[in-house]
Amino acid sequence: MPAAPRIAASALFTPEEWAPFQARSAWVGPLLVAHCWTVIAAAVVAGVLIPWLIPLCVMVIGTRQLGLAILMHEAAHGGLSRNLRLNDFLGHWLCAVPIGASLTAYRPYHLAHHRFAQQPEDPDLMLSAPFPVSPASLRRKLIRDLTGQTFFKQRVLLPLAQRRSGSPKGDGAQTMSDSAHQYEAVVTGRSVLPFLAFNAVLLAGFVAAGVWWAFFALWLLPMATWFPMVTRLRNIAEHACVEGSAADAFRAARTTRAAWWERAFIAPYWVNFHAEHHLFMHVPCWKLPALHRAVHTRPQAAGMEVAPGYADVLKTATRRRA
């Protein structure tokens, strides 16, 4: 099986230039996890105190639930802490479990994606292969996301189907193929019970605070609607309609320039710098903007796929007529 093409850092940078990108921080990763939960908590409080803000809070919380998935992804690369035990604790218990995932199952699955990016063996190929699609097709997908159909399919029907078929637990299996979309947070049999236990404790906390309804309106609703939708947008932006990845390491993924509001409501924690991440997957996520600037001073970067924004990505992904 041919692996995706690679490039060495030494082909672009001197050892002195590359050294800052190799350095790992002991405190930035834990602070990012704390930041994510702080934003979620602040949005919950705002929604409870000012109910007319609930639609905005749903968007903020759903995006930070994606943020938890992104930080789990960072932990899969060992980027949340130099201490592997702390890295895995944060990535699993504070990022993966709350959104129904398993870091243990996700890590080998995701590293296989990096090894075979956009090759037939890539386990994420189904996320990008169907594109471009018609505008109507994408619209139907987004409606399924925002109405909770995608959530129900992945969080209820998939686990039930795995149990009936006797699928191995914790194998990072693909979700139903008709959606051509799955959460970065891979839902497995092994992750269902911790997910349910976490949500039971969370619900008990809301009940004890006298706002039981907020669990459904300000945690479960974002997870069932906005989270699937922005996850789909992320998956489309990262790999869909990027040609030439089989032969060129600079074409393995797309980077999307994100405005402040896109970072707030679609792409948190520098997830939009995906081309740079595929070039050098062990560079911590908070260093990707600097890596983007450094790579683009080199002539080799001229062929990289860089979109000016998520609206442009969607135009590219829907260029097929109905």
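These notes cover the structure that comes with them. For every chain, the first residue of its written sequence is number 1, and the numbers climb from 1 along that sequence. Only residues with pLDDT of at least 70 are given local features in this predicted model, and only at 80 or more are side-chain atom pairs given and counted; all residues enter the totals for whole chains, interfaces and linings. Hydrogens and water are ignored here; the side-chain numbers use all heavy atoms of the structure.

## A short note on the packing of aromatic side chains
Aromatic rings in a pair are described by how distant their centres are and how their planes are angled relative to each other.
Consideration 1: For this analysis, a ring pair means two rings from Phe, Tyr or Trp (six-membered ring only for Trp) whose centres lie within 6.5 Å, classed as stacked if their planes differ by under 30 degrees, edge-to-face if by over 60, and tilted for the remaining angles. Evaluated as defined, the whole model comprises 13 aromatic pairs.
Consideration 2: When the centroid spacing of 6.1 Å and the interplanar angle of 40° are considered together, the rings of phenylalanine 13 and phenylalanine 21 count as tilted.
Consideration 3: Ring pairs connect the aromatic residues Phe13, Trp18, Phe21 and Phe280, which therefore count as one cluster.
Consideration 4: We call a charge positioned above a ring when the Lys NZ or Arg CZ atom is no farther than 6 Å from the ring centre and deviates by at most 35 degrees from the ring normal. When the ring centre of tyrosine 269 is taken as reference, the NZ or CZ atom of arginine 64 above it lies at 5.0 Å.

## Focus: the layout of surface pockets
Consideration 1: The definitions used throughout rest on a 1 Å grid laid over the protein atoms alone, on which a cavity is an enclosed set of points accommodating a 1.4 Å probe that cannot get out and a pocket is an open set flanked by protein within 12 Å on both sides along at least five of seven lines; lining residues are those having an atom within 4 Å of a point. Grid points are joined across faces, edges and corners, and a volume is the space filled by probe spheres set on the points. Looking at the second largest pocket, its volume works out to about 170 Å³.
Consideration 2: Looking at the second largest pocket, the residues that line it are Arg6, Ile7, Trp18, Phe21, Gln22, Arg24, His278, Leu279, Phe280, Met281, His282 and Val283.
Consideration 3: Those elements that provide at least two residues to the lining of the second largest pocket are α1 (15–22) and α13 (274–279).
Consideration 4: Among the elements that take part in the lining of the second largest pocket, α1 stands out by supplying three residues, more than any other.
Consideration 5: Any residue that is not Ala, Val, Leu, Ile, Met, Phe, Trp, Tyr, Cys, Pro, Asp, Glu, Lys or Arg is counted as polar, Gly included; the first ten are nonpolar and the last four charged. Partitioning the lining of the second largest pocket into residue classes produces seven nonpolar, three polar and two charged. Secondary structure is summarised from DSSP: a helix means a run of H or I of at least four residues, a strand means a run of E of at least two, and numbering begins at the N terminus for each.

## Here we look at the packing of helix α3 (residues 54–76) against helix α4 (residues 84–96)
Consideration 1: In this analysis, axes come from line fits to C-alpha atoms, helices being fitted only over the stretch in contact, and the angle between any two N-to-C directions falls in the range 0 to 180 degrees. Orientation of α3 relative to α4, taken along the N-to-C sense of each, is 160°, at an axis distance of 9 Å. Here α4 runs roughly antiparallel to α3, going by the angle between their axes. Read as a crossing pair, α3 and α4 show a hand that is left-handed. Residues Leu68, Leu71, Met72 and Ala75 of α3 touch α4, and the partners they reach there are Asn87, Asp88, Gly91, Leu94, Cys95 and Ala96.
Consideration 2: For the contact of α3 with α4, the class distribution of residues is seven nonpolar, two polar and one charged. Throughout this description, any angle smaller than 35 degrees is read as roughly parallel, any larger than 145 degrees as roughly antiparallel, any in the 65 to 115 degree range as roughly perpendicular, and the remainder as oblique. It is the rotation of the near helix from the far one that decides the hand of a crossing: anticlockwise by less than a right angle makes it left-handed, clockwise makes it right-handed. Residues are treated as being in contact if the distance between any of their heavy atoms lies within 4.5 Å.

## Comments concerning unusual backbone geometry
Phi is mostly negative for residues that are not glycine, and the peptide bonds are mostly trans.
Consideration 1: For the peptide bond that leads from phenylalanine 131 to proline 132, omega is 5°, which places it in the cis range.
Consideration 2: Inspection of the secondary structure assignment puts proline 132 in the loop between α6 (125–128) and α7 (135–146).
Consideration 3: For glutamine 118, which is not glycine, the phi dihedral falls at a positive 65°.
Consideration 4: Along the polypeptide, glutamine 118 turns up in the loop between α5 (103–115) and α6.
Consideration 5: The backbone phi angle of tyrosine 269 is positive, close to 55°, even though this residue is not glycine.
Consideration 6: Mapped onto the fold, tyrosine 269 is located in the loop between α12 (260–265) and α13.

## Examining the environment of arginine 115
Consideration 1: Along the chain, arginine 115 turns up in helix α5.
Consideration 2: Not counting residues up to four positions away in its chain, the partners in contact with arginine 115 are Ala3, Ala4 and Arg6.

## Considering a nonpolar patch on the surface
Consideration 1: A cluster of nonpolar residues, Val45, Leu49, Ile50 and Trp52, forms a patch on the protein surface that exposes about 470 Å² of accessible area.
Consideration 2: Tracing the chain through its elements places leucine 49 in helix α2 (residues 28–49). Surface patches are defined over residues having more than 30% relative accessible area and no salt bridge, joining like charges when they lie within 9 Å and nonpolar side chains (Val, Leu, Ile, Met, Phe, Trp, Tyr) when within 5 Å. Only the protein chains shown count as cover for residues, and the accessible areas themselves come from Shrake-Rupley with a 1.4 Å probe. A pairing counts as a salt bridge when a side-chain nitrogen of Lys or Arg comes within 4 Å of a carboxyl oxygen of Asp or Glu.

## Comments concerning α2
Consideration 1: The span expected for a helix works out to 1.5 Å for each residue beyond the first. The end-to-end C-alpha separation of α2 is 31 Å, in line with the 32 Å expected for 22 residues at 1.5 Å each.
Consideration 2: Three labels apply to residues, based on accessible area from a 1.4 Å probe with only protein chains included: buried if under 20% of the type maximum, exposed if over 50%, partly exposed otherwise in between. Residues of α2 that are buried: Val28, Gly29, Leu32, Val33, Cys36, Ile40, Ala43, Val44 and Gly47. Down the axis of α2, the smallest arc covering the buried residues is 165°, so these residues share one side. Within α2, the exposed residues directed more than 90 degrees away from the buried face are Thr38 and Leu49. Each direction from the helix axis to a C-beta atom contributes to the arc, which is the arc of those directions.

## Side note on the pattern of salt bridges
Consideration 1: Within this structure, the stated rule accounts for six salt bridges.
Consideration 2: When the shortest N-O distance is used, the salt bridge between glutamate 238 and arginine 234 registers 2.6 Å. One end of the pair is glutamate 238 and the other is arginine 234, both in helix α11 (residues 226–239) and four residues apart, which spans about a single turn.
Consideration 3: Glutamate 305 is paired through a salt bridge with arginine 254; the nearest N and O atoms lie 3.8 Å apart. Residue glutamate 305 is located in strand β2 (residues 305–307), and its partner arginine 254 is located in strand β1 (residues 254–256); the two are separated by 51 residues in the primary sequence.
Consideration 4: When salt bridges with common partners are traced through the structure, they connect Arg251, Arg254 and Glu305 into a single cluster.

## A closer look at helix α14 (residues 288–295)
Consideration 1: Counting buried positions along α14 gives six out of eight residues, so the element sits mostly inside the fold.
Consideration 2: Residues Leu288, Pro289, Leu291, His292, Ala294 and Val295 constitute the buried set of α14.
Consideration 3: Taken together, the buried residues of α14 touch α1, β1 and α13.

Nothing here speaks to function; it is geometry throughout.
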